[in-house]
2 protein chains.
Amino acid sequence: MNNLLDGIEEVLLMGPGPSSVPPQVYEAIGKKTLGHLDPYFLKIMDELKERLRTLLNTKNNLTVPISGTGSAGMEACFVNLVEPGDRALILVNGVFGVRMREVASRLGANVDALEFTWGAPVAVADVAKKLGETPYRIVAVVHAETSTGVRNPVDEIGALLRGSDTIYLVDTVTSLGGIEVRMDDWGIDALYSGTQKCLSCPPGLAPLSFSEKAMAKLGARKSKVPNWYLDISLIANYWGQNRVYHHTAPVNMTYALYQALLLILEEGTQKVFKRHLDNHLLLVKGLEEMGLKMVVEEPWRLPMLNTVWCPEGIDELAVRRRLRSEFKIEIGGGLGPLAGKIWRIGLMGHTARKENVERFLDALRKSIS
Amino acid sequence: MNNLLDGIEEVLLMGPGPSSVPPQVYEAIGKKTLGHLDPYFLKIMDELKERLRTLLNTKNNLTVPISGTGSAGMEACFVNLVEPGDRALILVNGVFGVRMREVASRLGANVDALEFTWGAPVAVADVAKKLGETPYRIVAVVHAETSTGVRNPVDEIGALLRGSDTIYLVDTVTSLGGIEVRMDDWGIDALYSGTQKCLSCPPGLAPLSFSEKAMAKLGARKSKVPNWYLDISLIANYWGQNRVYHHTAPVNMTYALYQALLLILEEGTQKVFKRHLDNHLLLVKGLEEMGLKMVVEEPWRLPMLNTVWCPEGIDELAVRRRLRSEFKIEIGGGLGPLAGKIWRIGLMGHTARKENVERFLDALRKSIS
């Protein structure tokens, strides 16, 4: 019988995720499957949680990978922390902010969205004004907007909420492992991420962490969480000391995430962040030398997700197709209002290396000339 | 830094899942990660869907793996097909029936549960009587109750519902790949499974299929599905011709499932089912020769999940611990009312081999003597 897996080529993944996976993580994901309640697997789970806490700069007990992709992390945060009628403020400046609004609305939240230009950051003064007008049970923002390449001022927004009853929810899908995330210092109550961006692990798990305040909000719910699979109280019992059977954790994906976190901590987080920044600067320099213009103003650029305007007269899709077929490089196109107008060039995790930047710049030069 | 992955031993997985994984599937899961919208990955997705249809004996267009474990499949079926107030009948004779009731209740369904003895099958006459009394929007049952080792008469229950407006929902987590599942012939409208049982793939994906009738029920909803991540309409667009970005599919898990399905179809489904049955009979013979008694009456026994009473005076947990530590074999204990009283011995997928049955019987003999 035909086996398409035999024809898989190695592609340099410089799109918006997944990113290229290091050999140690491929090795990890293929280790022998253990029972999901096997004592040795429980040790791996415990050490994984501890390493996730280190990377998130948090002491939160509830710090676990959710058994789904980054989007399941978003769903898990909202479905546990929102009750029908709760007032939620979503800060929107890209696709993932729009998605947050949709997820929260479906759960019956009373949602206000504060919208900002795609490609520009959330304006803290506007948020402060809005918070002065209305009390919110939850405020949510995306740290690294994968659709635009913008870093939002998560720390400054957190400072506005300090000491309030408001739950502060942050999407760190694309930021975690590429730039600093300081969950406790920034006053973040609930956070989720994904494995396939700067953690350089295949997609499939969503790291998630809840503060004591988030756990208290969850504990005070009037109704059961309307999602058994993502009920954090049940998941906490499964990943906690009691090991109460809930679902079957994706064992081999858990190995992969364990290994991916280990590689980051072994290299050293500051070195990893500097590697992202250095390669980002190298990429921007190369793009600008070609006459291309970046979408985002310099202070708000994400090192791991670089957006650049496609020059007039160039067929952006044709360039991406040529990069993929001739040079075995994947980059991304624009989404929403930016579709057809920009390229999204990822430098995430293992992908963020000088040789990859040079290989890409050379290929792009040939593809647009 | 300490790396626990280096210490993973190969354990013979004879519990209630995950099952042991064949070498080709380990190889598949470690193949190079492609972009989740890469044209080559899309080909793999399409062929996977086609093979899943073959195994399910269905023509349903909407036949995909959901990006979560089997429990996410359950959640996806209910959250898409139940609207608040819908009358649902859940047939309960084990943990997974209880779970269905809980999932449906949280979603606001008006749930009736028809309960049967744990270890006995659902009685079709009782179901017929209940259906005669009350019209239901949805009837749900577990094909292979992993908690008790019972096969429920899914085909006969389906016959009761034929021609009605009722949606017939079936859990095939443990049955799929071990015994026949004939989705279309049995009148099943919605079905989910898991990868880590008889498909012998690591846990992490949930095969799911919806009939045209289920899709029509979904299309006629008055309210949006209160779960963005598991919204089948959005997932159908992602896995369909349009490839509308929804979430990022777990690429490497998808490779593993593709390979696992290929192995089953290459061996031939009838041969695979016979292998399960033959090894089950060999196991039962061996257990009975040791004087042990099976929990389930012969006609309702599952070949892939064998429940046996722990003899008086034997510490069931101590036996399981000894099997794991001394013989590197995992089996399961009982759940709910059967906790501490039974063992659950899995013969799922790649695990269902003569040498494994013999190795286990020998180890059990030594562990209880």
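Computed from a predicted model, the values in this text were never measured in an experiment.

J.: I'd like a description of the overall build of chain A, backed by residues and values.
T.: Of the regular secondary structure elements, chain A holds twelve helices and 14 strands. Dimensions of chain A, computed from the C-alpha atoms along their principal axes, are close to 60 × 55 × 40 Å. Within chain A, the fraction of its 369 residues that count as buried is 57%. Nonlocal contacts in chain A, meaning residues at least 24 apart in sequence, comprise 73% of its contacts between residues at least 6 apart.

J.: Give me the domain arrangement of chain A: which residues, what numbers.
T.: Residues and elements named next belong to chain A. For chain A, the domain assignment lists domain 1 (4–18 + 268–368) and domain 2 (23–265). Using C-alpha coordinates to define each centre, domain 1 is positioned 26 Å away from domain 2. Taken together, the contacts link 25 residues of domain 1 with 25 residues of domain 2. If you list the elements that add at least two residues to the side of domain 1 that touches domain 2, you get helix H10 (269–289) and strand E11 (305–309). The biggest single contributor to the side of domain 1 that touches domain 2 is H10, with four residues. Looking at the side of domain 1 that touches domain 2 residue by residue, the classes come out as 15 nonpolar, eight polar and two charged.

J.: Any details on the relation of the copies chain A and chain B? Residues and values, ideally.
T.: Superposing chain A onto chain B takes a rotation of 180° plus a shift of 0.0 Å along the axis, which leaves an RMSD of 0.0 Å. Both copies are brought into coincidence by an operation consistent with a two-fold rotation axis. For chain A, the residue whose C-alpha comes nearest the rotation axis is Gly68 of chain A, separated from it by 2.5 Å. Residue by residue, 98% of the interface of chain A is reproduced at the interface of chain B, so both copies engage with the same surface.

J.: I'd like a description of helix H2 (residues 39–56) of chain A, backed by residues and values.
T.: Residue and element names in this part refer to chain A. Between its first and last C-alpha atoms H2 spans 26 Å; for 18 residues at 1.5 Å apiece the expected length is 26 Å, and the two agree. Regarding H2, the residues found buried are Phe41, Ile44, Met45, Leu48, Lys49, Leu52, Leu55 and Leu56. The buried side chains of H2 occupy one side of the element, clustering within an arc of 140° when seen end-on. More than 90 degrees from the buried face of H2, the exposed residues found are Pro39, Lys43 and Glu50. Packed against the buried residues of H2 are strand E2 (62–66), strand E9 (190–192), strand E10 (206–210), helix H8 (232–239), helix H9 (251–267) and H10.

J.: Describe unusual backbone geometry, naming the residues involved and giving the relevant values.
T.: Residue and element names in this part refer to chain A. Here the amide bond leading from Gly17 into Pro18 is cis, since omega sits at 5°, within 30 degrees of zero. Within the secondary structure, Pro18 sits in the loop between strand E1 (12–13) and helix H1 (23–29). Even without being a glycine, Arg243 presents a positive backbone phi close to 55°. Relative to the assigned elements, Arg243 resides in the loop between H8 and H9.

J.: Before we move on, can you summarise the pairing of strand E14 (residues 342–346) of chain A with the specific residues and values?
T.: All names here are of chain A. Within E14, five of the five residues are buried, which leaves it mostly tucked inside the rest of the structure. Residues Ile342, Arg344 and Gly346 point to one face of E14 and Trp343 and Ile345 to the other, with burial holding for every one of them. Pairing geometry for E11 and E14, over five bridges, is antiparallel. Bridging across to E14, Trp309 finds its partner in Ile342.

J.: Lay out the interface of chain A and chain B with the relevant residues and their values.
T.: Listed per partner, the contact involves 61 residues of chain A and 60 residues of chain B. Listed by contribution, the elements that provide at least two residues to the side of chain A that touches chain B are H1, H2, helix H3 (70–81), helix H4 (95–106) and H9 of chain A. Taken together, the residues of the side of chain A that touches chain B break down into 30 nonpolar, 19 polar and twelve charged.

J.: So what about the nonpolar core? Which residues, and what values?
T.: Formed by 235 residues in total, the largest nonpolar core has its most connected members in Ala88, Ala104 and Leu257 of chain A together with Ala88, Ala104 and Leu257 of chain B. With near-sequence residues (within four places) excluded, Ala88 of chain A lies in contact with Val82, Ala104, Ala109, Asn110, Val111, Tyr136, Arg137, Ile138 and Ala140 of chain A.

J.: Before we move on, could you go through the environment of Leu37 of chain A and cite the residues and values that matter?
T.: All names here are of chain A. Mapped onto the elements, Leu37 comes out in the loop between H1 and H2. The spatial distance from the C-alpha of Leu37 to the C-alpha of Val251 is 9.9 Å, given a sequence separation of 214 residues. Look past the residues within four positions of Leu37 in its chain and what remains in contact with it is Arg243 and Tyr245.

J.: Outline the environment of Glu10 of chain B, supporting the account with residue identities and numerical values.
T.: Among the structural elements, Glu10 of chain B can be located in the segment before strand E1 (12–13). Taking C-alpha positions, Glu10 of chain B is 12 Å from Pro22 of chain B, a pair spaced twelve residues apart along the chain. With sequence-adjacent residues up to four places away left out, Glu10 of chain B is seen in contact with Lys32 of chain A together with Lys328 of chain B.

J.: Just give me the short version of the sheet that holds E9 of chain A, but keep the residues and values in it.
T.: All names here are of chain A. On the basis of which strands lie adjacent, the open sheet formed by seven strands has the order E2-E10-E9-E8-E5-E3-E4 and mixed pairing. With one partner strand each, in any of the chains shown, E2 and strand E4 (110–115) form the two edges of the open sheet. Taken pair by pair, the neighbouring strands of this sheet meet at an average axis angle of 15°, ignoring direction. Judged from the six bridges that link them, strand E3 (residues 87–92) and E4 form a sheet pairing that is parallel.

J.: Pulling in residues and values, what's your account of the sheet that holds E11 of chain A?
T.: The antiparallel open sheet is built from three strands, whose spatial order is E11-E14-E13 (chain A). Of all the strands in the sheet, the pair left with one neighbour each is E11 and strand E13 (332–333) of chain A.

J.: Please give an account of the environment of Lys197 of chain B that cites residues and values.
T.: Residue and element names in this part refer to chain B. With respect to the secondary-structure elements, Lys197 resides in the loop between strand E9 (190–192) and strand E10 (206–210). Take Lys197: there are 30 C-beta atoms within 10 Å of it, and that puts it in the buried class. Separated by 74 residues in the primary sequence, Lys197 and Lys271 place their C-alpha atoms 17 Å from one another. Once you skip the residues sitting within four places of it in the chain, Lys197 turns out to touch Gly17, Ser19, Val173, Thr174, Met304, Met348 and Gly349.

Thresholds applied
- Residues numbered from 1 in each chain as written.
- Chains lettered and ligands numbered in written order.
- Predicted model: local features only at pLDDT ≥ 70, side-chain atom pairs only at ≥ 80, totals over all residues.
- Helix = DSSP H or I, 4+ residues; strand = E, 2+ residues; numbered from the N terminus.
- Buried ≥ 20, exposed ≤ 12 C-beta atoms within 10 Å, placed from the backbone.
- Contact = placed C-beta atoms within 7 Å.
- Domains from an automatic or database assignment.
- Nonpolar A, V, L, I, M, F, W, Y, C, P; charged D, E, K, R; others polar.
- Least-squares fit on C-alpha atoms with pLDDT ≥ 70 in both.
- Expected span 1.5 Å × (residues − 1).
- Arc of directions from axis to C-beta.
- Pairing = 2+ DSSP bridges.
- Core = buried A, V, L, I, M, F, W, Y, C linked by C-beta atoms within 7 Å.
- Axes fitted to C-alpha atoms, helices over the stretch in contact; angles between N-to-C directions.

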